[in-house]
Amino acid sequence: MGNQTSPMEFILSDISEIPSIQIPLSIIFLTVYIIALMGNWVLIVIIYIHPFLQTPMYFFISNLGCLDIFYISTTVPKMLVNSLTCWKTISFGGCVTQLYFYLVMAATESTLLSTMAFDRYMAICNPLRYSAIMNNKLCLQLALSSWLTGFCYSAIHTATTFRLDFCRSNVINHFFCDILPLLTISCTDTNINMIVVYVVGGLLVSVCFPLIIISYIYIIKTILKIPSALGRRKTFSTCVSHLSSVYLFYFSGSFAYFRPPSSNSLYHNKINAVFYTILPPMLNPLIYSLRNKELKRAIKRASGTI
């Protein structure tokens, strides 16, 4: 890199270093991307066109669907282009943009999942006051707060990451621009950056995740008070989809970020990143559609089968 402190472009890595499986992997991820786009768009349209789905729960699910479309689109298209061509570069500005919007979507999803847990808490633990409290104004405020949190969270990490000089290398050991792989190629002291990762990221998780846990503690207590087994099962079934999304997103994301960066951990992070950047956007519409009777009924109506 000579005397340059920042490269004009970066070189991204493939998920696998084995050339013979690049095309099969690309076909798989292209299929996943198409399924994610179609599934989330169908979910959004179905919720929008059916009046009986105009409730807070489905409002947040449609927000999640919109979020997942943007979330998977920040990483997969560029990854597919790089895996199928010899040019695996991304411009410096493109890397900044990708990191910023990827972090926006990740932080917003974290906040939105906690908001959805609060909605389930209100619906199950305070059913008589649910409609009065979870009105359209509050739902819109909660959704906007989730997005605003994502934009602020991302701005902090993006600003601290790209204040660094990248004179050690311009090869990023990842299939998209992410914080930890960028820190490993910086020739600037990254201690402040690691503090920001742990403090700001930890603050987000320590607020959102406990809210989910506390909400479900009260939900479980309320469900256990329901006299009939059928009633308990039906009530808890409305939470299973949300819990599945929470587990998939938080477990894989926290495992990737809350470890010190090293060459070995970054290799495993490429595999782990698939689980929290690609699979949730694909699986969320399937999870909510298959587990929710009202959504299944709406989809059948829209397809003309009933």
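Calculation criteria
Residues numbered from 1 in each chain as written. Predicted model: local features only at pLDDT ≥ 70, side-chain atom pairs only at ≥ 80, totals over all residues. Heavy atoms only, no water. Helix = DSSP H or I, 4+ residues; strand = E, 2+ residues; numbered from the N terminus. Buried < 20%, exposed > 50% of the residue type's maximum accessible area, 1.4 Å probe, protein only. Contact = heavy atoms within 4.5 Å. Areas by Shrake-Rupley, 256 points an atom, 1.4 Å probe, with all protein chains shown as cover. Salt bridge = Lys/Arg side-chain N within 4 Å of Asp/Glu carboxyl O. Core = buried A, V, L, I, M, F, W, Y, C linked by side-chain atoms within 4.5 Å. Axes fitted to C-alpha atoms, helices over the stretch in contact; angles between N-to-C directions. Parallel < 35°, antiparallel > 145°, perpendicular 65-115°, else oblique. Left-handed = near helix turned anticlockwise from the far one by under 90°. Nonpolar A, V, L, I, M, F, W, Y, C, P; charged D, E, K, R; others polar.

With respect to the overall build of the protein
Next up, step 1: Within the protein, the secondary structure is distributed over twelve helices and three strands.
Next up, step 2: Relative to its 306 residues, the protein shows a buried fraction of 48%.
Next up, step 3: Contacts spanning at least 24 positions in sequence make up 79% of the contacts within the protein whose residues lie at least 6 apart.
Next up, step 4: For the protein, the exposed area adds up to about 14,900 Å²; of that, 70% sits on carbon and sulfur atoms.

Side note on the pattern of salt bridges
Next up, step 1: Enumeration over the complete set of coordinates arrives at two salt bridges.
Next up, step 2: With a closest N to O distance of 3.1 Å, Asp119 and Arg120 form a salt bridge. Residues Asp119 and Arg120 agree in their burial class; the two are buried.

Regarding the nonpolar core
Next up, step 1: Grouped together as the largest cluster of nonpolar side chains are 78 residues, with contacts concentrated most on Phe10 and Leu182.
Next up, step 2: At 14 residues, helix α4 (residues 92-125) tops the list of elements feeding residues into this core.
Next up, step 3: The contacts of Leu182, once residues within four sequence positions are left out, are Phe10, Cys95, Leu99, Thr161, Phe162, Phe166 and Ile172.

So, the environment of Ile44
Next up, step 1: Among the structural elements, Ile44 can be located in helix α1 (residues 22-49).
Next up, step 2: With 83 residues separating them along the chain, Ile44 and Pro127 place their C-alpha atoms 25 Å apart.

Looking at the packing of α1 against helix α3 (residues 76-84)
Axis angle and axis distance: for two packed helices, these are the angle between their axes and the distance between the axes, and together they describe the pair.
Next up, step 1: The N-to-C vectors of α1 and α3 enclose an angle of 160°; their axes lie 10 Å apart at closest approach. What the angle tells us is that α1 and α3 run roughly antiparallel. Taken as a pair, α1 and α3 cross one another with a handedness that is left-handed. The residues of α3 that touch α1, namely those facing Gln22, Ile23, Ser26, Phe29, Leu30 and Tyr33, are Val76, Pro77, Met79, Leu80, Ser83 and Leu84.
Next up, step 2: Split by residue class, the contact of α1 with α3 holds nine nonpolar, three polar and no charged.

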